[in-house]
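# An overview of the molecular structure
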Amino acid sequence: SWVSVPTQNRLLNGSPIRSVNTIVEKNIIKKVGLQTFTSVIHTSVNFEINIKGSGYHNIAYYDFYLAKGIGVIEKDAYVYGNLNETETILNYNIK
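First, a word on what this report is: a plain description of the structure on this page. (Residues numbered from 1 in each chain as written. Predicted model: local features only at pLDDT ≥ 70, side-chain atom pairs only at ≥ 80, totals over all residues. Heavy atoms only, no water.)

Position of His 42 among the secondary structure elements: in strand S4 (residues 35–50). Given the relative accessible area of 7%, His 42 is considered buried. A distance of 2.8 Å separates the side chain of His 42 from the side chain of Glu 25, its partner in a polar contact. Side-chain polar atoms of His 42 contact the side chain of Tyr 65, separated by 3.5 Å. Those residues in contact with His 42 that sit more than four places away from it in its chain are Thr 22, Ile 23, Val 24, Glu 25, Ile 28, Asp 63, Phe 64 and Tyr 65. (Helix = DSSP H or I, 4+ residues; strand = E, 2+ residues; numbered from the N terminus. Buried < 20%, exposed > 50% of the residue type's maximum accessible area, 1.4 Å probe, protein only. Polar contact = N/O pair within 3.5 Å; in protein donor to acceptor, adjacent residues only side chain to side chain. Contact = heavy atoms within 4.5 Å.)

This paragraph deals with the environment of Tyr 80. When you line up the elements, Tyr 80 lands in the loop between strand S6 (71–79) and strand S7 (82–88). Residue classification places Tyr 80 among the exposed positions, given a relative accessible area of 61%. Spatially, the C-alpha atom of Tyr 80 lies 6.9 Å from that of Asn 58, the residues being 22 residues apart in sequence. Not counting residues up to four positions away in its chain, the partners in contact with Tyr 80 are Asn 58 and Ile 59.

Structural data, given as structure tokens:
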């Protein structure tokens, strides 16, 4: 895992914010719709905020699934622990 800062001034609404990034799984098989992808990497990004010095708390969480040679095949977005959005690949063309 590694920590990064998702804003230029390191703040969101005046409070410190950070991203905790993690490689969750490597070389997995992932089915998206009717397509099955191999050599997939699953990564996560956890956005955390520290309001009034109370310590960092999760505000949003993203799962990214990246297929080798293709890119992002699925993105799941959670806000305060609830699934907010799933974005999936519909088709692709490698040139």
